[in-house]
Amino acid sequence: MAYHVTVNRNGNYHLARWIDTDGTVRRKSLGHCSMMEACRRADELERQLNQTIGGTVRHATLGWLVDRFVQVRGQGTEQMAPATMATHARCHKLLLQHFGTERDIKSIGLGDMRDWEATLEGTGNTLRKRVKEAKVLFNLAVDEGLIEQNPAVKMKSTTMPGRPGDRRIVTRDEYDTVFEAMPDNYWRLALAMAYYAGLRRSEVFTATHRGWTRGHSLEVWSTKTNRSRTIRLEPELNQHIRDWWSGAKQIVDPECKYTQAYDILTRACTAAGVEPFNWQNLRQTRATLWRDAGYPGYAVNQWMGHTERVAEDCYLGDGKNESALAQALAELARLRQDNERLAALAG
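What you are looking at is a predicted structure, and each value in this text was computed from that prediction instead of being measured.

Side note on the environment of Phe138
- Structurally, Phe138 can be placed in helix H5 (residues 125-143).
- Distance in space between the C-alpha atoms of Phe138 and Pro151 is 7.4 Å, their sequence separation being 13 residues.
- Not counting the four nearest positions on each side in its chain, Phe138 is found in contact with Leu62, Leu65, Ile105, Ile108, Met113, Ile147, Asn150 and Pro151.

Below, the structure is given as structure tokens:
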């Protein structure tokens, strides 16, 4: 094991940085001097360090950088949420599979990163997210002074908002028809959780009865945001839960599997003669209906578990689609009538 000293400019001064034998990044000021003089001093420092231990020059490897990322971003003020760390870990695995753990990070260039991107599965935003995660990893190497420039800096990593055509308002008639076509009452309850509460598909199948306050609100834990949120409980959904909760820990019966949800819903749409929609469309519909019902935007965003920007880009109905807008208004009128009817019955 030996040392490799790099030079990094810090304002009017230069810093020498190297990886110690215990994996710690060390720094030493080289003073206020030219880059040529700073490099000469760094070479001398490297020679002195290596004389104490002997051996060959040690370079920062990709495997070391991944371990360093876990050490820095897994704790302290820069700590990431566990779900975010897991997402980055999947990207790191893909990088290590392609380059190997012993690959010197200084030898990885833009062309190498484009070759890596070409090996990835998926298209569009999926690839952009992987590139963004790789940029975050190599930014750490830049911050540590181990490389001068991020090799992925010129690659596209900004995810694009969903196309207007991907958004859809599911009308009440469509919902009711598909609701009846679902295989059983447990799957109908799952559909109602998405339609009336705007839950993400993963949240539908993990919501527990402990978060159900029987008529007031519904509290769910999101693995995506790694936090819980309280959601407005519509009277229809409250009644469905009362009727069909099996008594298990989860509100939706555990026999209803998350991995089957997409196929089950698609088959139900086909059987009902309705143009297929997905679980995300149900979430988009609920966000639009709550907004149109006059609830404040900040409250709807809190119930849905997203920001205003995400709401505008991905969830709220497209104002240019007059047909979808008409459907939303018709559904709003029906929703108000149903609420008035239920309120009268409760009174």
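On we go from here.
Looking at the packing of aromatic side chains
- In total, this model carries 10 aromatic pairs according to the counting rule given.
- With a centroid separation of 6.0 Å and an interplanar angle of 65 degrees, the aromatic rings of Phe205 and Trp279 are classed as edge-to-face. Note that Phe205 is positioned in the loop between helix H8 (201-204) and strand S4 (217-222) and Trp279 in helix H11 (residues 279-292), a separation of 74 residues in sequence.
- For Phe205, a relative accessible area of 11% corresponds to the buried category.
- Taken together, the ring pairs in this structure connect Tyr175, Phe179, Tyr195, Tyr196 and Trp244 into an aromatic cluster.

Considering the pairing of strand S5 (residues 227-232)
- Bridging between S4 and S5 involves six bridges; their strand directions are antiparallel. If you follow Glu219 over to S5, its bridge partner there is Thr230.
- Connecting S4 to the next strand, S5, in antiparallel fashion are four residues, including Asn226 with a positive phi near 60 degrees.

Points about the nonpolar core
- The biggest cluster of nonpolar side chains holds 46 residues, and the ones touching the most others in it are Met193 and Trp279.
- Those elements that place two or more of their residues in this core are helix H6 (172-181), helix H7 (185-197), S4, helix H9 (235-244), helix H10 (261-272), H11 and helix H12 (297-304).
- Broken down by element, the residue count for this core peaks at 10 residues, all from H7.
- Beyond its immediate sequence surroundings of up to four residues, Met193 is in contact with Gly198, Leu199, Val204, Ala207, Leu218, Leu237, Ile241, Ile251 and Val252.
- Formed by 31 residues, the second largest nonpolar core is a distinct cluster that contains Val25, Val72, Phe99 and Met155.

Structural notes on the side chain of Glu174
- As for its position among the elements, Glu174 is in helix H6.
- Not counting the four nearest positions on each side in its chain, Glu174 is found in contact with Arg168, Ile169 and Val274.

Some words on the confidence of the model for the chain
- Residues with a pLDDT of 70 or more make up 80% of the chain, whose mean pLDDT is 80.
- Within the chain, H6 carries the highest mean pLDDT (94), whereas helix H13 (residues 308-315) carries the lowest (58).
- Low pLDDT, under 50, characterises residues 318-323; the stretch is placed with two contacts to residues that sit more than four places away or in other chains.

Some points on the pattern of salt bridges
- Tallied over the entire structure, the rule returns eight salt bridges.
- Here Arg286 makes a salt bridge to Glu234, at a shortest N to O gap of 3.9 Å. Highlighted residues: Arg286 in helix H11 and Glu234 in the loop between S5 and H9, separated in sequence by 52 residues.
- Taking the relative accessible area as the measure of exposure, Arg286 reaches 0% and is therefore buried.

Quick word on the side chain of Asn150
- Turning to its location among the elements, Asn150 is positioned in the loop between H5 and H6.
- At 2.9 Å, the side chain of Asn150 forms a polar contact with the backbone nitrogen of Ala152.
- If we ignore the near neighbours within four places in the chain, the residues touching Asn150 are Lys135, Phe138, Asn139 and Val142.

About the thresholds
- Residues numbered from 1 in each chain as written.
- Predicted model: local features only at pLDDT ≥ 70, side-chain atom pairs only at ≥ 80, totals over all residues.
- Heavy atoms only, no water.
- Helix = DSSP H or I, 4+ residues; strand = E, 2+ residues; numbered from the N terminus.
- Contact = heavy atoms within 4.5 Å.
- Phe/Tyr/Trp six-rings, centres within 6.5 Å; stacked < 30°, edge-to-face > 60°.
- Buried < 20%, exposed > 50% of the residue type's maximum accessible area, 1.4 Å probe, protein only.
- Pairing = 2+ DSSP bridges.
- Core = buried A, V, L, I, M, F, W, Y, C linked by side-chain atoms within 4.5 Å.
- pLDDT = per-residue confidence, 0-100.
- Salt bridge = Lys/Arg side-chain N within 4 Å of Asp/Glu carboxyl O.
- Polar contact = N/O pair within 3.5 Å; in protein donor to acceptor, adjacent residues only side chain to side chain.

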